[in-house]
Amino acid sequence: MTGEVPTAQQAPWLAPLIEQLRRARAAGRFPAALLIHDERGAVGGAGGEALARFAAQLALCREAAAPCGQCRDCRRVQSGQHPDLFVLSPLEDSKFIRVEQVRELAEQLSLTSHGGGATVGLISPADSMNANAANALLKTLEEPRPGVTLILVCAVPSQLPATVLSRCQRVRVPSPPRAESVAWLERYGGPGPWTAALDVLGEAPFEALAMDAAEIARLKAETDHSLGEASAGRLDIPGSAERWGRGEGFDLRLACIENWLTTRIDRAVDSTPRSQELRSSSRISRTHLPESGSDMNITVLLRLLDGIHELRHLRLTSINRSLALEQLLWQLARASRAPAQSASA
């Protein structure tokens, strides 16, 4: 384990995107607004935030072979102390970026830079802005001051207004193959249950590196056991739902449940694993199922998966998490006890 925080340049799957941005900068075509789509989202995901930091350094470095990594601008970006780099994220007491924050950023970007060079505004996660906050960006996007670059990092671009999306050049961060993710994590994070962590998080090595892989693996094992007990009618459903709903790591718990459900759907359809396809969208397509051989159990599993996706979207509202989980667990228990419906029924 190196102990260092990896940069975008140290993630091999980001190399084509890095080269693409370098060429744009060298040709004088670096975008005034860049949207980095990292569908793995949180805590850097597959490297979206690392790529955004690279893009910011690329915009602010004034050397011909930018980013040189040695000049004052590069060193300041690396240390998080550059006076012309403004990073916008949700405040500590909120999960959302507020309109007041965006207005303040727009005002900063309208001013002449401190060093006489570029100015960069980095917003992450950009899809945590509500409609008013996103619309507050429009003036900056439509009439940017020369030298200003806006970089947006988001997991779900569709949550941003079309007026914002249409003014951004989009770059999509690829998910690395599992073997590459594990090898990378072992290099920068040392030995650990990385495969189990990625089973829960998806192919999000930067996110996994920032978290406790052993705790994720423990939570996964506990959740898998509990869901198996629910299927067998042996789980204290109200007690478990209350504990899960009020406990820490609620998002991780939902990811563990989602992983358990997709694994069983894969087994039920007796096909090549499709869990990544199912995990990537809250709109589960029934075309994943064969026309014959489906039974009520698969239908219920898909319905439960839809319920988990809905709960993910509603988790930041005043929804009663424990009650919602209890309802899902009861559905699972009832479905497991019901006789399977044959394909010919």
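Draft legend 1. Expanded view of the pattern of salt bridges. For the structure shown, the criterion picks out 15 salt bridges. Across the pair Arg-253 and Glu-222 runs a salt bridge, and its minimum N-O distance is 3.4 Å. Of this pair, Arg-253 sits in helix H13 (residues 250-269) while Glu-222 sits in helix H11 (residues 213-231); the two residues are 31 residues apart in sequence, bridging distant segments of the chain. For the pair Arg-253 and Glu-222, one class covers both residues: buried. Salt bridges sharing partners connect three or more residues here, namely Glu-215, Arg-218, Glu-222, Arg-243 and Arg-253.

Draft legend 2. Representation of the sheet that holds strand E4 (residues 148-154). Spatial ordering of the open sheet is given by E2-E3-E4-E1-E5, a layout of five strands whose pairing is parallel. Looking at strand neighbours, the two that pair on one side only are strand E2 (85-88) and strand E5 (169-172), the edges of this open sheet. Ignoring strand direction, the axes of neighbouring strands in this sheet form an average angle of 15°. Looking at chain direction, strand E1 (residues 33-37) and E4 are connected through five bridges and run parallel. Looking at the pairing, Leu-34 lines up with Ile-151 of E4. Across the sheet, helix H4 (residues 99-110) is in contact with E2, strand E3 (119-123) and E4; its angle to E2 comes to roughly 170°.

Draft legend 3. Structural view of the environment of Gly-45. Within the fold, Gly-45 resides in the loop between E1 and helix H2 (48-60). Taking the C-alpha atoms as reference points, Gly-45 and Leu-201, separated by 156 residues in sequence, lie 8.7 Å from one another. Those residues in contact with Gly-45 that sit more than four places away from it in its chain are Asp-38, Arg-40, Ala-204, Pro-205, Phe-206 and Glu-207.

Draft legend 4. Quick look at the state of the cysteines. Evaluated as defined, the whole model comprises zero disulfides. Unpaired in this structure, Cys-74 has its nearest cysteine sulfur neighbour in Cys-71, at a distance of 3.6 Å.

Draft legend 5. Geometry of the environment of Cys-154. Its place among the elements puts Cys-154 in strand E4. Taking the relative accessible area as the measure of exposure, Cys-154 reaches 2% and is therefore buried. On a C-alpha basis, the gap between Cys-154 and Pro-125 in space is 5.0 Å, while along the polypeptide they are 29 residues apart. Not counting the four nearest positions on each side in its chain, Cys-154 is found in contact with Leu-35, Ile-36, His-37, Asp-38, Ala-126, Asp-127 and Leu-160.

Draft legend 6. Examining the nonpolar core more closely. By size, the foremost hydrophobic cluster in this structure holds 50 residues, and its most contacted members are Leu-14, Leu-21, Ile-36, Leu-51 and Ile-151. With nine residues, H2 is the largest single contributor of residues to this core. When neighbours within four sequence positions are excluded, Ile-36 is seen to be in contact with Gly-48, Leu-51, Ala-52, Ile-151, Leu-152, Val-153, Cys-154, Val-171 and Val-173. If you look at the next biggest cluster of nonpolar residues, it comprises 28 residues, including Ile-257, Leu-261, Ile-308 and Ala-333.

Draft legend 7. Molecular detail of empty space enclosed by the protein. Scanning the entire structure with this criterion turns up three cavities of 30 Å³ or more. Counted as a void, the largest cavity has a volume near 80 Å³. The wall of the largest cavity is formed by Leu-227, Ile-257, Leu-261, Leu-304, Ile-308, Leu-325, Leu-328, Leu-329 and Leu-332. Among the elements of the structure, H13, helix H15 (296-314) and helix H16 (321-337) are those that each provide at least two residues to the lining of the largest cavity. A per-element tally of the lining of the largest cavity places H16 first, with four residues. Within the lining of the largest cavity, the residues separate by chemical class into nine nonpolar, no polar and no charged.

Draft legend 8. Highlighting the packing of aromatic side chains. Following the criterion strictly, the structure yields four aromatic pairs and no others. Aromatic side chains Trp-184 and Tyr-188 sit 5.3 Å apart centroid to centroid with 55° between the ring planes, which places their arrangement in the tilted category. Taken together, the residues span about one helical turn, with Trp-184 and Tyr-188 both in helix H8 (residues 178-189) at a distance of four residues. Relative to Phe-206, the ring of Trp-184 lies with its centre 4.7 Å away and its plane at 45°, an arrangement referred to as tilted. Here Trp-184, found in helix H8, pairs with Phe-206, found in helix H10 (residues 205-209); they are 22 residues apart in sequence, far enough to count as distant.

Draft legend 9. View of the confidence of the model for the protein chain. Per-residue confidence for the protein chain averages 85 on the pLDDT scale, and 87% of its residues sit at or above 70. When the criterion is pLDDT under 50, residues 272-296 qualifies, and its contacts beyond four places in sequence or with other chains add up to 49 contacts. Residue range residues 340-345 is modelled with pLDDT below 50. Its contacts to residues more than four positions away, or to other chains, number seven contacts.

Cut-offs used in this document
Residues numbered from 1 in each chain as written. Predicted model: local features only at pLDDT ≥ 70, side-chain atom pairs only at ≥ 80, totals over all residues. Heavy atoms only, no water. Salt bridge = Lys/Arg side-chain N within 4 Å of Asp/Glu carboxyl O. Helix = DSSP H or I, 4+ residues; strand = E, 2+ residues; numbered from the N terminus. Buried < 20%, exposed > 50% of the residue type's maximum accessible area, 1.4 Å probe, protein only. Pairing = 2+ DSSP bridges. Axes fitted to C-alpha atoms, helices over the stretch in contact; angles between N-to-C directions. Contact = heavy atoms within 4.5 Å. Disulfide = S-S within 2.5 Å. Core = buried A, V, L, I, M, F, W, Y, C linked by side-chain atoms within 4.5 Å. 1 Å grid on protein atoms, 1.4 Å probe; cavity = no way out; pocket = protein on both sides within 12 Å on 5 of 7 lines; lining within 4 Å. Points joined across faces, edges and corners; volume = space filled by probe spheres on them. Nonpolar A, V, L, I, M, F, W, Y, C, P; charged D, E, K, R; others polar. Phe/Tyr/Trp six-rings, centres within 6.5 Å; stacked < 30°, edge-to-face > 60°. pLDDT = per-residue confidence, 0-100.

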